[in-house]
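In case you want the letters, here they are:
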Amino acid sequence: MSTPVVKIENLVKRYKELVALDHFNLEIEEGEIFGLLGPNGSGKTTTINCILSLLSYDKGSIQLFGKEMHADSYDSKRQIGVVMQNVAVFEELNVYDNIDYFCGLYIRDKNIRRQYVKEAIEFVDLADYRKFYPKKLSGGLLRRLNIACGIAHKPKLIFMDEPTVAVDPQSRNKILEGIRLLNSQGATIIYTSHYMEEVEQICTRIAIIDKGRNLALGTKEELKQLIKKSEIITIEMFEISKEHLQAIKKLPHVYDVSFKDHKIQVLCSGGRHNLIHVLNYLQEQELTFGRVYSELPTLNDVFLEITGKELRD
Ligand code: ADP
Ligand code: MG
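These numbers were taken from a predicted model, which means no experiment stands behind them. (Residues numbered from 1 in each chain as written. Chains lettered and ligands numbered in written order. Predicted model: local features only at pLDDT ≥ 70, side-chain atom pairs only at ≥ 80, totals over all residues. Heavy atoms only, no water.)

1. Re the site of ligand 1
Around ligand 1 sit Tyr 15, Leu 18, Ala 20, Pro 39, Asn 40, Gly 41, Ser 42, Gly 43, Lys 44, Thr 45 and Thr 46, and those are all the residues in its vicinity. Within the backbone of Ser 42, an N or O atom sits 3.2 Å from an oxygen atom of ligand 1. With respect to ligand 1, the backbone of Gly 43 contributes an N or O atom lying 3.0 Å from an oxygen atom. Relative to its free-state accessible area of 560 Å², ligand 1 is covered by the protein chains to the extent of 59%. Mapped by element, the contributors of at least two residues to the shell around ligand 1 are β2 (18-28) and α1 (44-51). Ranked by residues supplied to the shell around ligand 1, first place goes to α1 with three residues. Residues that form the shell around ligand 1 fall into these classes: four nonpolar, six polar and one charged. (Near = heavy atom within 4 Å. Polar contact = N/O pair within 3.5 Å; in protein donor to acceptor, adjacent residues only side chain to side chain. Areas by Shrake-Rupley, 256 points an atom, 1.4 Å probe, with all protein chains shown as cover. Helix = DSSP H or I, 4+ residues; strand = E, 2+ residues; numbered from the N terminus. Nonpolar A, V, L, I, M, F, W, Y, C, P; charged D, E, K, R; others polar.)

2. Details of the coordination of the magnesium ion (ligand 2)
Here the magnesium ion (ligand 2) is held by the protein donor atoms Thr 45 (OG1) and Gln 85 (OE1), which lie 2.0 to 2.3 Å from it. Residue Thr 45 is located in helix α1, and its partner Gln 85 is located in the loop between β6 (80-83) and α3 (95-104); the two are separated by 40 residues in the primary sequence. Its relative accessible area of 26% is what places Gln 85 among the partly exposed residues. (Donors = N, O, S within 2.8 Å, 3.2 Å for Na, K, Ca; no water. Buried < 20%, exposed > 50% of the residue type's maximum accessible area, 1.4 Å probe, protein only.)

3. Digging into the sheet that holds strand β8 (residues 188-193)
Sheet architecture is open: six strands sit in the order β6-β7-β8-β3-β9-β10, paired in mixed fashion. Either end of the sheet is taken by a strand with one partner, and the two such strands are β6 and β10 (213-218). In this sheet, neighbouring strand axes are inclined to one another by 15° on average, regardless of whether the strands run parallel or antiparallel. Judged from the four bridges that link them, strand β3 (residues 33-37) and strand β9 (residues 205-210) form a sheet pairing that is parallel. By the bridge assignment for β9, Phe 34 is matched with Arg 205. Across the face of the sheet, α1 comes into contact with β3, β7 (157-161), β8 and β9 while running at roughly 150° to β7. (Pairing = 2+ DSSP bridges. Axes fitted to C-alpha atoms, helices over the stretch in contact; angles between N-to-C directions. Contact = heavy atoms within 4.5 Å.)

4. Quick word on the environment of Arg 172
Mapping Arg 172 onto the fold places it in helix α6 (residues 169-184). With a relative accessible area of 23%, Arg 172 lands in the partly exposed category. Measuring from C-alpha to C-alpha, the distance between Arg 172 and Pro 134 comes to 18 Å, with 38 residues separating the pair along the chain. Discounting residues that sit within four places of it in the chain, Arg 172 has contacts with Thr 164, Val 167, Glu 198 and Gln 201.

Everything listed here is a matter of geometry and, on its own, says nothing about what the molecule does.
Right, here's the structure in full:
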């Protein structure tokens, strides 16, 4: 086994009475795009701030690159890039100078730095805005600048805390593409979000967290296998009797059936021909129906089944 890039053991962080991280454990391997998925207030930012030694914690240990992490672990810090949840750039510096400033904290050589800043600007597609001051940038462009500032020095390990909140779809796609590209160039990425679609789209492994605890961990396929529900079949129908619903519920692999807003919803657990069984039944009974669709569970279903509440706010 290789040494994990990040290893957190039994981390406890309290803000006075509030337990923000409750014996939190995590291991991230080199080369991953690791997703921390949880609703607002679940402890994602607190986790990142503890890892970076920006916050002190009450209990537990944190290792980065196989070494205990402390506020003065400059060797480790040099290899890290951080894109904070709240945009942190200088209002009085233009786009180029902001990136140059942050890159300069790590890269002293002016020629190398010029090249790195240029690459970062191309990477987030801000070449046309090089001379713009942050005040003049839209929310999405500002987020892209924030990212460029965090990654220009080519770190091995990158933390991105909700980098897509409140950005337009075009910037959002650019950001997600960018994360994939950074990863393909060798960076390990830790990505937090409360948008399950994004996490499903880009992450190699995902930890689902709530109330400072790690509830489930795995690839998206593994997480979906944790839950009972494996298929949701919806059939539009004007009306249907209780008897028919009961009969559908007795079909193989069906564990729940409901009828609401002129739609039957059939929840299945396992099985490969569930839709065919349901349609055969409707046909035998000469029941007429409208549109039919079958969906696989989402990470929201996983979250719902584990916690009893929706992931979305
Ligand atoms: P997330 O990033 O997942 O939205 P946070 O880590 O910001 O969650 O917050 C976790 C919990 O800790 C929340 O209940 C939040 O209100 C609380 N919290 C965060 N920062 C502070 C702070 N500086 N002081 C007191 N409570 C805080
Ligand atoms: Mg946060």
